[in-house]
Amino acid sequence: MSSQALVEIHEVNFAYDSRPILNGINMTFPKGKVIAIMGGSGCGKTTLLRLIGGALKPAHGYVQVDGQKIHELDRQGLYRMRRKMGMLFQFGALFTDMSVYDNVAFQMREHTDLPEELIHDLVLMKLHAVGLRGTHDLMPAELSGGMARRVALARTVALDPMLIMYDEPFAGLDPISLSVVGNLIRSLNDALGATSVVVTHDVQESLKIVDYIYFIADGVIVAEGTPDEIRASDKPFVHQFVHGEMDGPVPFHYPASNYSQDLNVQA
Amino acid sequence: MPITKGLRTIGSRAVNAVWRTGYATRFFLMILFYSGTSFRRFHLIVKELFSSGVMSLIIILVAGMFVGMVLGLQGYETLKRYGSESALGSLVALSLVRELGPVLAALLFASRAGSAMTAEIGLMKATEQISAMEMMAVNPIARVVAPRFWAGVISVPLLAALFSVMGVFGGYVVGVVLIGVDAGSFWSQMQDTVDFQHDILNGVIKSVVFGVAVTAIALFEGYDSPPTAEGVSGATTRTVVQSSLAILILDFILTAFMFQGD
Amino acid sequence: MERTALDLWVGLFVVAGLAALVVLALKVGNLSTYNMSETYQLQAYFSNIGGLKPQASIKSSGVLVGRVTGITLDTERYEAKVMMSIDQRYQFPKDTFANILTSGLLGEQYIGLVPGGETELLKADEVIKKTQSAVVLEDLIGKFLYSKADGS
């Protein structure tokens, strides 16, 4: 199994200044799978993606992608590695000064010497795959949120990456767009033979499409398993998260001093 | 206690300022270092020349015309007292070519194009477009920042020259056409006193320096702005304030170097 | 690469800007009088140059024939040494007079060359012997006052 792993995260610690974010994380993403990383807001999920992408360096441990330790690469090595990765940002991050067509064509023009006619065909194929071939001469501002997300998805897979990362792909989408994007994540992964990592807190949608799930809380992995295992799990944290309960291991109240003292009420 | 606290605030501000200066310098050097792409793919610069240079044309031409007309009017009123109205041409041209053209064109450029650059790059950062570009293995300094920088450096001297020409024309309209100063002495006095090397080339050098300063400040503020709405609006304001001050201070320094002694 | 409307606008902008520079150089400035095809150098010593500056014009019979290229103080003679470059087309006799004159009462100062009668011509890098210094207004007034005092 480990020889088949595309990404290996080994004992990773990370802290912003002195605020610890991740603490001894171990993960393995096998080739061809779709993996979800879940957890509450601000638990370090996005940080994890940045570590894989090489935007951040771990304080301890390493992230290994395709046999290479990311933090040991120099700038050129990192850029070579990133050409094999795609990342979909939370709100798409389409280039607002370029048309949909130019957005999807961006990486092809930057990284390849393909003739413009070939780029044209490739761009339309990518847009067709997300069902938006008709939008190619619109500007990003003319798209709805769900459409923008799909165009961004087409741009992410423009160079057929081996690893696709999704940062909150479901945030702020209506139910229809949400399941469209969810199904695209799965079908593009299988069509390209890629490996996908989805960082999300949308439990129901991800349970439908992923192969394996990691739960992170307070910088450590608190639970992991296949969707079926997660649904059946009786761990209090997983139960609270999957069913969206208000109170549980993740408390409703931010830590504070005694309530009655704060209100100056004598008990 | 309040004294030590105040000292600490001053100290940390000072350290911060030095830190930021160093970061800005590194940013500036990186722009120069990664400029190769801009010149190999010149259409990147052309696109930015349009949004910074061409879009500033109207304001520069109109402002230049009116500044020249004011100079013509004021200059005439002053020179008349000494009976040397014929020197109006040299007064208008010298003030424009040496000072007002480069300085005012750069100030207008800072508020018209510089602030737009800051806002654009700040928003690209806030909407993760810069991060997205880095994740696509494209260097945003080479692809986004450097073309804007060179477009600014090319635009400002051209705009300053247009400003000066429009100003001379405005001075001519008021002085010669409206007031009736002799056209011959207007032009010949002008040509006698305005020296190509001493006045015009120095004016061009000034406007190139201003162009570098304004665009570098605008791009740095945008690139360094906090990725929030307030962050971007604050950075835009800082761009206008800082580049205006930089223009005026640099103008004094350059003038002291260029025109000392005569 | 195809041409776009954007290229046209940018092209217009650049052409207009460069044209403005040319206008400044030729119409507003004095570049048109700069390019005297071939020049040769002459020197002259003056006891007082008044307000003469480098780039001041050199005229003969009112025609521009050259420019002052440099002014230094000669510490052996304690006189101002003025370097001039003169258009090759104009040659002057050995006994030419170099006078520092003023255009108008308060105008710019320039050097006027008044040719003498000799047949031998000044060669390049030679020194004009006969010079007349600038008229300094204070000296003039001073002289006037003294002569008044003497006369009474």
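Each remark here, short or long, concerns the structure printed above.
Conventions adopted
Residues numbered from 1 in each chain as written. Chains lettered and ligands numbered in written order. Predicted model: local features only at pLDDT ≥ 70, side-chain atom pairs only at ≥ 80, totals over all residues. Heavy atoms only, no water. Helix = DSSP H or I, 4+ residues; strand = E, 2+ residues; numbered from the N terminus. Buried < 20%, exposed > 50% of the residue type's maximum accessible area, 1.4 Å probe, protein only. Contact = heavy atoms within 4.5 Å. Areas by Shrake-Rupley, 256 points an atom, 1.4 Å probe, with all protein chains shown as cover. Lys, Arg positive; Asp, Glu negative; His and termini not counted. Charge placed at Lys NZ, Arg CZ, Asp CG, Glu CD. Buried area = accessible area lost by both parts, 1.4 Å probe. Salt bridge = Lys/Arg side-chain N within 4 Å of Asp/Glu carboxyl O. Polar contact = N/O pair within 3.5 Å; in protein donor to acceptor, adjacent residues only side chain to side chain. Nonpolar A, V, L, I, M, F, W, Y, C, P; charged D, E, K, R; others polar. Pairing = 2+ DSSP bridges. Axes fitted to C-alpha atoms, helices over the stretch in contact; angles between N-to-C directions. Parallel < 35°, antiparallel > 145°, perpendicular 65-115°, else oblique. Left-handed = near helix turned anticlockwise from the far one by under 90°. 1 Å grid on protein atoms, 1.4 Å probe; cavity = no way out; pocket = protein on both sides within 12 Å on 5 of 7 lines; lining within 4 Å. Points joined across faces, edges and corners; volume = space filled by probe spheres on them.

Visitor: Would you mind going over the overall build of chain C with me for this structure?
Guide: Looking only at helices and strands, one finds two helices and eight strands in chain C. Mapped from its N terminus to its C terminus, chain C presents α and β elements in the order α-β-β-β-β-β-β-β-β-α. Sorting the 152 residues of chain C into buried and exposed places 33% on the buried side. Look at the contacts in chain C between residues 6 or more apart in sequence, and 63% of them connect residues 24 or more apart. Accessible area for chain C stands at about 9300 Å²; split by element, carbon and sulfur atoms hold 59% of it.

Visitor: Any chance you could explain the overall build of chain B here in plain terms?
Guide: Broken down by element type, chain B carries 10 helices and zero strands. Counted from the first residue to the last, chain B has its helices and strands arranged as α-α-α-α-α-α-α-α-α-α. Once the C-alpha set of chain B is aligned to its principal axes, its extents read approximately 65 × 55 × 30 Å. Buried positions account for 49% of the 262 residues belonging to chain B. Taking contacts inside chain B between residues at least 6 apart in sequence as the whole, the part at least 24 apart equals 84%. A total of about 11600 Å² of accessible surface is found on chain B, and carbon and sulfur atoms cover 71% of it. Placing the 17 positive and 16 negative side-chain charges of chain B at their respective mean positions leaves the two points 13 Å apart.

Visitor: Help me understand the interface of chain B and chain A in this model?
Guide: For an interface, size is often stated in terms of accessible area lost upon the parts coming together. Each partner contributes to the interface: chain B provides 20 residues, whereas chain A provides 22 residues. Of the roughly 1900 Å² buried between chain B and chain A on both sides combined, carbon and sulfur atoms contribute 55%. Counting the contacts that link chain B with chain A gives five salt bridges. Across the pair glutamate 110 of chain A and arginine 143 of chain B runs a salt bridge, and its minimum N-O distance is 2.5 Å. The tally of links from chain B across to chain A stands at six residue pairs in polar contact (both at pLDDT 80 or more). Mapped by element, the contributors of at least two residues to the side of chain B that touches chain A are α5 (88-126), α6 (129-135) and α7 (140-179) of chain B.

Visitor: Which parts of the structure should I look at to understand unusual backbone geometry?
Guide: Generally, phi is negative for residues other than glycine and the peptide bonds are trans, each holding for most cases. Residue glutamate 128 of chain B is not a glycine yet carries a positive backbone phi of 65°. Secondary-structure assignment places glutamate 128 of chain B in the loop between α5 and α6.

Visitor: Explain the interface of chain B and chain C to me, please; I cannot follow it from the model alone.
Guide: Of the residues lining the interface, 29 residues belong to chain B; the matching set on chain C comes to 26 residues. Surface buried jointly by chain B and chain C totals about 2300 Å² across both partners, of which 81% is contributed by carbon and sulfur atoms. Sorting the residues of chain B by area buried against chain C places Leu158, Gln191 and Phe196 of chain B first, and these three jointly supply 23% of that buried surface. Counting across the interface, chain B meets chain C through zero salt bridges. For the pair chain B and chain C, the number of links is zero residue pairs in polar contact (both at pLDDT 80 or more). Elements with a minimum of two residues in the side of chain B that touches chain C: α3 (43-53), α5, α7, α8 (183-193) and α9 (196-224) of chain B. It is α7 of chain B that contributes the most residues to the side of chain B that touches chain C, eight residues altogether. Counted by class, the side of chain B that touches chain C contains 19 nonpolar, seven polar and three charged residues.

Visitor: Just checking my understanding: could you explain the sheet that holds strand β7 (residues 163-167) of chain A for this structure?
Guide: Backbone-to-backbone hydrogen bonds pair the strands of a sheet. The strands run either parallel or antiparallel. Residue and element names in this part refer to chain A. One open sheet accounts for six strands, arranged β6-β7-β8-β3-β9-β10; its pairing is mixed. Lying at the two open borders of the sheet, with one neighbouring strand each, are β6 (85-88) and β10 (220-225). If you compare each strand with its neighbour and ignore which way they point, the axes differ by 15° on average. Bridging between strand β3 (residues 34-38) and strand β8 (residues 195-200) involves five bridges; their strand directions are parallel. If you follow methionine 38 over to β8, its bridge partner there is threonine 200. Sheet strands touched by helix α9 (residues 236-243): β3, β9 (212-217) and β10. Its angle to β9, the strand with the most contacts, is close to 105°.

Visitor: Quick question: what am I supposed to make of α3 of chain B here?
Guide: Given 3.6 residues per turn, any residue in an α-helix points the same way as the ones three and four places further on. When α3 of chain B is considered as a whole, its buried residues turn out to be Leu44, Ile45, Val46, Glu48, Leu49, Ser52 and Gly53 of chain B. Contacts from the buried residues of α3 of chain B go to α2 (36-40), α4 (57-81), α5 and α7 of chain B together with α1 (5-28) of chain C.

Visitor: Looking at this structure, how should I read the pattern of salt bridges?
Guide: Side chains that differ in sign of charge can pair as their charged atoms come close. Applying the stated criterion to the full structure yields 26 salt bridges over all chains. Arginine 41 of chain B serves as the salt-bridge partner of glutamate 110 of chain A, at 3.1 Å between the closest nitrogen and oxygen. Remark: arginine 41 of chain B occurs in the loop between α2 and α3 and glutamate 110 of chain A occurs in helix α3 (residues 100-111); the pair is interchain, linking two chains. For aspartate 87 of chain C, the salt bridge identified is with arginine 89 of chain C, shortest N-O distance 2.8 Å.

Visitor: It is not clear to me how the sheet that holds strand β2 (residues 19-30) of chain A should be interpreted in this structure. Could you clarify?
Guide: Residues and elements named next belong to chain A. What the four strands build is an open sheet, ordered β2-β1-β4-β5; its pairing is antiparallel. The sheet is open, and its two borders are formed by β2 and β5 (68-69), each paired with just one other strand. Summarising the sheet, strand β1 (residues 5-16) and strand β4 (residues 60-65) pair through five bridges and their orientation is antiparallel. Looking across to β4, one finds that asparagine 13 is bridged to histidine 60.

Visitor: So what exactly am I meant to see when it comes to the environment of leucine 51 of chain A here?
Guide: Assignment of secondary structure puts leucine 51 of chain A in helix α1 (residues 45-53). The exposure class assigned to leucine 51 of chain A is buried, which follows from its relative accessible area of 2%.

Visitor: When you look at the packing of α5 of chain B against helix α10 (residues 229-258) of chain B in this model, what are you seeing that I'm missing?
Guide: In a packed pair of helices, the relevant descriptors are the angle between the two axes and the axis-to-axis distance. Residues and elements named next belong to chain B. Put simply, α5 and α10 touch, their axes get as near as 9 Å, and they point 155° apart. One element, α5, and the other, α10, form an angle in the roughly antiparallel class. Of the two possible hands of crossing, α5 and α10 adopt the one that is right-handed. Touching Glu99, Val103, Ala106, Leu107, Ala110, Ser111, Gly114, Ser115, Thr118, Ala119, Gly122 and Leu123 of α5 are Val232, Ala235, Thr236, Thr239, Val240, Ser243, Ser244, Ile247, Leu248, Asp251 and Thr255, all from α10.

Visitor: I'm lost on the layout of surface pockets in this one. Help?
Guide: Over the atoms, a rolling probe the size of a water molecule traces out where space has been left empty. Its boundaries defined by the atoms lining it, the second largest pocket holds a volume of some 980 Å³. Residue lining of the second largest pocket: 29 residues in total, with Asp102 and Arg109 of chain A together with His43, Leu44 and Lys47 of chain B positioned closest to the centre. Every element with two or more residues in the lining of the second largest pocket is listed here: α3 and α4 (116-129) of chain A, α3 and α7 of chain B together with α1 of chain C. Of the residues in the lining of the second largest pocket, the class split is 13 nonpolar, four polar and 12 charged.

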